[in-house]
2 protein chains.
Amino acid sequence: MQAVILSAGYGRRLYPITDNKPKSLIKVAGKELLLRHLQILNEQGIEEFIVVTNSMYEKQIRNFLRKFPYKVEVVVNPEPERGNASSLYCVKGKIKDTFALIMSDHIYDSVFIEEALKGKGIIVDELGRFVDIEESTKVLCVSGRVEDIGKDIDKWNCYDTGFFILDADIFETLERLMEEKRTVEISELVKEHKLECTHVSGLFWMDVDTMTDLERARKLLIEKSVKGTGDGLISRLINRRISVKITEALIDRLTPMQATLISFLVGIISSGIALIFPPLGGLMYQLSSILDGVDGEIARASLNTSKFGGWFDSILDRYVDFSFLLALGIYLSPPLWMWAVILLATMGSVMVSYSTERYKGEFGENIYKTIKLMNYIPGKRDERIFFIMIMTLLGYIEELFIILAIVTNLRVLATILLVKLYKGTG
Amino acid sequence: MQAVILSAGYGRRLYPITDNKPKSLIKVAGKELLLRHLQILNEQGIEEFIVVTNSMYEKQIRNFLRKFPYKVEVVVNPEPERGNASSLYCVKGKIKDTFALIMSDHIYDSVFIEEALKGKGIIVDELGRFVDIEESTKVLCVSGRVEDIGKDIDKWNCYDTGFFILDADIFETLERLMEEKRTVEISELVKEHKLECTHVSGLFWMDVDTMTDLERARKLLIEKSVKGTGDGLISRLINRRISVKITEALIDRLTPMQATLISFLVGIISSGIALIFPPLGGLMYQLSSILDGVDGEIARASLNTSKFGGWFDSILDRYVDFSFLLALGIYLSPPLWMWAVILLATMGSVMVSYSTERYKGEFGENIYKTIKLMNYIPGKRDERIFFIMIMTLLGYIEELFIILAIVTNLRVLATILLVKLYKGTG
């Protein structure tokens, strides 16, 4: 299947940021709108793209596309003022069969695009969860076909998502309209052709017309990027609320790897401080725990996730935890028996991760998804760090090690029992 | 596809162990021959089985099959002395279409069965790597069809593996033969029908006729069960050579889980001894490292592998390593700086496993297979334990911790660099 992406508009409502570049090259949550489309569509198996632009932006679009491995043909609409359907008309001779038509100023997530590609005609959404109702294009869909469409129609039952799966026969209708009228919009074409409707209600999509939309899109993408599973209580209650704000501020300036390294450095510095003054070290350690969420959020929201990044981050986390506990131990300078407790606490802390990660390697699935009860056993990293901070602030360092040694290793024991229960025969 | 398993012979050459049970119920490397067939064939998608036996063994076979979830029909051949083709003749009315015919006194591995099921006619092997040439049935295959077959033929180019993929039309030929002669063997049927040949040369199969065959089969299955990848130098040079002997001795008496627990107990006891007398502790620790191979060998050779077992074993290993190092630390009763080294050595030891296991969870592949260089970096568990034993025997415990702290953590660093190199863009 080919995909046609329309990017011939001037994006006037986004001035001044579209003053010298097309809307499709605006970065939203760390990645350009156009590149988002190309990447997600390509992941869903689409390999041939046509981008329609205007003569003013042609060079910029071409230069931008050169940096990426996608197979894209750039087509210039010489008269974009004749409406967005005139841009579609420009690709007439290049379409082989069924194709996807996408408005470049929309954002979709991969679930939306996966579902939309299975559809036919105009992809519509009944819920419009992320839609500005005033501004949106409404659709009246009757018996599976478009009866009416427009911003100001009276009767409607769903929203136009800006995504279409069309056959080449659409060009006959389009040709007729183009001959009759000076300007033709896609919505007129849709109505004239009585296009079929496919519902993908409730999935994530939105269009980006104004600065407000842009802000909202960034926020929504970052919120969606917060991992649901595996987060401990403290992550959900405290860390994620702060980390998403940091991500919002830094997503266009920081790569995920840079965020990983910053969080690691803050963790190591917190250990250095704990050698001398544990309460301040504990605070810094908790800060590093908050920052530890930022790399993943940036990566997921900007579609820049990497397996190496996830793996590397988890190894650095283990070393930060280790160095902090070692620093506290050295600060304590305790008797022999206490060193046994310190070692046990350190071992337990690593083993909490080891037991769940090793599970993924063996069973090929996320333990927090398969064994839901795992989510309610205390001892996850965010919870441990928060507890460590509290105890260092209170000056209870010996007690901290004793509790940590017990809780972490009991958690590993509970994990073993649960895995035996759920998977013992596997 | 249905599978017909012939088990109507009296196994006279295996007296006395077949004195009161059919050959197919003899355990080889911890699992009965018949159950091996059912399990592997079922894993390859076969769901319907017919087992042909004689009236003497019928009850035993039925009682045995009752314990397993496979769908098996038991058919009795009232006259097994009429040759093994007469057993096939008994299932005539029960065959729907193409079916697999298997001699129950053979052993195949899953790769063999996977390939054989894709074939047609008689499955033959040119190499006969595991075959007793004197005793084997030879086949002369010309232009893809059987020209001659028998134990004592002069010209032959491959061996009969005892595995056939047949169509229902074979019964016409068989009926004719059964009317002509008193006894009919499968080999006569194969020759008369001029069966097609499918080559699966070099794969693992053998037949079990004598006590010598039985011994050899057990040894071969256990040798095959030694994991090739991920083993360190000491495993390959020392541990595996001893562990397979232990496995050979115990495979019919021990479950994999019992072997895991014994190895764990020996490890924990070695820590207890190291608290008082490290050299003896070190020796015991090395013994536990050898025993650590036995559970996996028993599991793989007896087709009783379990993901829970693999996961559980790896967690126990981490705790054994930890408890041994802790015991040595307590024995040393060292100054503050040394505790930092002990912690670092303990951490490094866990992280060697963590970094490779976490890789499997993230990338879904075995790091030792994808990044071959990983096999040559020292610091794997078997190597560490062997080194620890040597150092405790020599009394160099401080030096041991220093070297361990450096080597293990350098290994983790090397792993990071290699993964970055090979997978950094993934």
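Residues numbered from 1 in each chain as written. Chains lettered and ligands numbered in written order. Predicted model: local features only at pLDDT ≥ 70, side-chain atom pairs only at ≥ 80, totals over all residues. Heavy atoms only, no water.

Another aspect to go through is the overall build of chain A. Helices and strands together make up the secondary structure of chain A, namely 15 helices and 13 strands. Dimensions along the principal axes, computed over C-alpha positions, put chain A at roughly 90 × 50 × 40 Å. Of all intrachain contacts in chain A linking residues separated by at least 6 positions in sequence, the fraction that spans at least 24 positions is 76%. With an accessible surface of roughly 18,000 Å², chain A has 56% of that area assigned to carbon and sulfur atoms. Averaging the locations of the 51 positively and 55 negatively charged side chains of chain A gives two centres separated by 4 Å. (Helix = DSSP H or I, 4+ residues; strand = E, 2+ residues; numbered from the N terminus. Contact = heavy atoms within 4.5 Å. Areas by Shrake-Rupley, 256 points an atom, 1.4 Å probe, with all protein chains shown as cover. Lys, Arg positive; Asp, Glu negative; His and termini not counted. Charge placed at Lys NZ, Arg CZ, Asp CG, Glu CD.)

All names here are of chain A. Taking 1.5 Å as the rise per residue, helix α12 (residues 336-363) with 28 residues should run 40 Å; its terminal C-alpha atoms sit 40 Å apart, in good agreement. The largest bend along α12 reaches roughly 25° and is located at M351. Across the 28 residues that make up α12, a large majority, 24, are buried. Two residues or fewer past α12, G364 is found with a positive phi of approximately 70°. (Expected span 1.5 Å × (residues − 1). Bend = angle between axes of the 7 residues up to and from the residue. Buried < 20%, exposed > 50% of the residue type's maximum accessible area, 1.4 Å probe, protein only.)

W311(A), F401(A), W311(B) and F401(B) are the most contacted members of the largest nonpolar core, which totals 92 residues. Once you skip the residues sitting within four places of it in the chain, F401(A) turns out to touch L325(A), L328(A), G329(A), L332(A), M338(A), V341(A), I342(A) and A345(A). (Core = buried A, V, L, I, M, F, W, Y, C linked by side-chain atoms within 4.5 Å.)

Under the definition given, this model contains 29 aromatic pairs over all chains. Ring centres of F64(A) and F68(A) lie 5.1 Å apart, and the angle between their planes is 55°; this geometry places the pair in the tilted category. For F64(A), a relative accessible area of 7% corresponds to the buried category. Assessed through its relative accessible area of 26%, F68(A) is described here as partly exposed. With centroids separated by 6.4 Å and ring planes inclined at 80°, the aromatic side chains of F49(B) and Y70(B) adopt a geometry described as edge-to-face. Here Y70(B) lies in the loop between α2 (58-65) and β5 (71-77) and F49(B) lies in strand β4 (residues 48-54), a separation of 21 residues in the sequence. The same class applies to F49(B) as to Y70(B), namely buried. Here the aromatic residues F308(A), W311(A), F312(A), Y359(B) and F363(B) are joined through ring pairs into a cluster of three or more. Over the aromatic face of W156(A) sits the side chain of K138(A), whose NZ or CZ is 6.0 Å from the ring centroid. (Phe/Tyr/Trp six-rings, centres within 6.5 Å; stacked < 30°, edge-to-face > 60°. Lys NZ or Arg CZ within 6 Å of the ring centre and 35° of its normal.)

With that settled, consider the side chain of R358(A). As for its position among the elements, R358(A) is in helix α12. A polar atom in the side chain of R358(A) sits 3.4 Å from the backbone oxygen of G310(B). In contact with R358(A), other than residues within four places in its own chain, are G310(B), W311(B), S314(B) and E357(B). (Polar contact = N/O pair within 3.5 Å; in protein donor to acceptor, adjacent residues only side chain to side chain.)

So, about the interface of chain A and chain B. Frequently, the measure chosen for interface size is the accessible area that the parts lose on association. Contacts between chain A and chain B engage 44 residues on the former and 44 residues on the latter. Of the roughly 4,400 Å² buried between chain A and chain B on both sides combined, carbon and sulfur atoms contribute 77%. Ranking the residues of chain A by area buried against chain B places W311(A), L343(A) and Y354(A) at the top, with a combined share of 17%. Counting across the chain A and chain B interface gives two salt bridges. R358(A) is paired through a salt bridge with E357(B); the nearest N and O atoms lie 3.2 Å apart. Counting the contacts that link chain A with chain B gives 14 residue pairs in polar contact (both at pLDDT 80 or more). (Buried area = accessible area lost by both parts, 1.4 Å probe. Salt bridge = Lys/Arg side-chain N within 4 Å of Asp/Glu carboxyl O.)

This next bit is on the pairing of strand β8 (residues 121-125) of chain B. Residues and elements named next belong to chain B. The buried count for β8 comes to five of five residues, which makes it a mostly enclosed element. Pairing between β8 and strand β11 (residues 158-166): four bridges, direction antiparallel. Within β11, the position partnered with V124 by the bridge is D160. (Pairing = 2+ DSSP bridges.)

Our focus in this paragraph is a negative patch on the surface. Residues and elements named next belong to chain A. A surface patch of negative charge is lined by D132, E134, D152 and D154. Relative to the helices and strands, D154 resides in the loop between β10 (145-150) and β11 (158-166). Take D154: its relative accessible area is 75%, and that puts it in the exposed class. (Patch = residues over 30% accessible without salt bridge, like charges linked within 9 Å, V, L, I, M, F, W, Y side chains within 5 Å.)

Okay, the pattern of salt bridges next. All names here are of chain A. Scanning the entire structure with this criterion turns up 54 salt bridges over all chains. The partner of R381 in a salt bridge is D321, and the shortest N-O contact between them spans 2.9 Å. Of the two residues, R381 is situated in helix α14 (residues 381-394) and D321 in helix α11 (residues 307-332); the sequence distance between them amounts to 60 residues. You'll find R381 and D321 in the same group, each marked buried.

Residue and element names in this part refer to chain A. One can find R176 in helix α5 (residues 170-180). Given the relative accessible area of 38%, R176 is considered partly exposed. For the pair formed by R176 and L189, sequence separation is 13 residues and the distance between their alpha carbons is 9.8 Å.

On to the side chain of T198(B). Residues and elements named next belong to chain B. Tracing the chain through its elements places T198 in strand β12 (residues 197-199). Under the relative-accessibility criterion, T198 is labelled buried at 16%. The contacts of T198, once residues within four sequence positions are left out, are G119, K120, I122, I123 and V124.

Now for the packing of helix α11 (residues 307-332) of chain B against helix α14 (residues 381-394) of chain B. All names here are of chain B. Contact pair α11 / α14: the axes reach a minimum separation of 12 Å and the direction vectors enclose 20°. In terms of orientation, α11 lies roughly parallel with respect to α14. Crossing angle aside, the handedness with which α11 passes α14 is left-handed. Contact residues: D317, R318, V320, D321, F324, L325 and L328 in α11; R381, R384, I385, I388 and T392 in α14. Considered class by class, the residues forming the contact of α11 with α14 number six nonpolar, one polar and five charged. (Axes fitted to C-alpha atoms, helices over the stretch in contact; angles between N-to-C directions. Parallel < 35°, antiparallel > 145°, perpendicular 65-115°, else oblique. Left-handed = near helix turned anticlockwise from the far one by under 90°. Nonpolar A, V, L, I, M, F, W, Y, C, P; charged D, E, K, R; others polar.)

Turning our attention to unusual backbone geometry. Even without being glycine, L303(A) reaches a positive phi, approximately 55°. In this fold, L303(A) is placed in the loop between α10 (278-301) and α11. The backbone of S143(B) shows a phi angle near 50°, a positive value even though the residue is not glycine. Mapped onto the fold, S143(B) is located in the loop between β9 (138-142) and β10 (145-150). Taking the relative accessible area as the measure of exposure, S143(B) reaches 73% and is therefore exposed.

The two copies are related by a screw operation: chain A maps onto chain B through 180° of rotation and 0.0 Å of translation along the axis, at an RMSD of 0.0 Å. Seen this way, the second copy is the image of the first under a two-fold rotation axis. Minimal C-alpha distance to the rotation axis in chain A is attained by G361(A), lying at 2.0 Å. Taken together, the interface assignments show that 100% of the residues at the interface of chain A recur at the interface of chain B, consistent with an identical surface on both copies. (Least-squares fit on C-alpha atoms with pLDDT ≥ 70 in both.)

The next subject is the domain arrangement of chain A. Residues and elements named next belong to chain A. Splitting chain A by domain gives domain 1 (2-220) and domain 2 (225-423). Distance between the C-alpha centres of domain 1 and domain 2: 43 Å. Summed over both sides, the interface of domain 1 with domain 2 buries roughly 810 Å², with 46% coming from carbon and sulfur. Counting across the domain 1 and domain 2 interface gives one salt bridge. Taking the shortest distance from any N to any O, the salt bridge between R218 and D252 comes out at 3.3 Å. Here domain 1 and domain 2 share seven residue pairs in polar contact (both at pLDDT 80 or more) between them. When contributions to the side of domain 1 that touches domain 2 are tallied by element, the ones reaching two or more residues are α1 (33-43) and α7 (211-224). The greatest single-element share of the side of domain 1 that touches domain 2, amounting to three residues, is contributed by α1. (Domains from an automatic or database assignment.)

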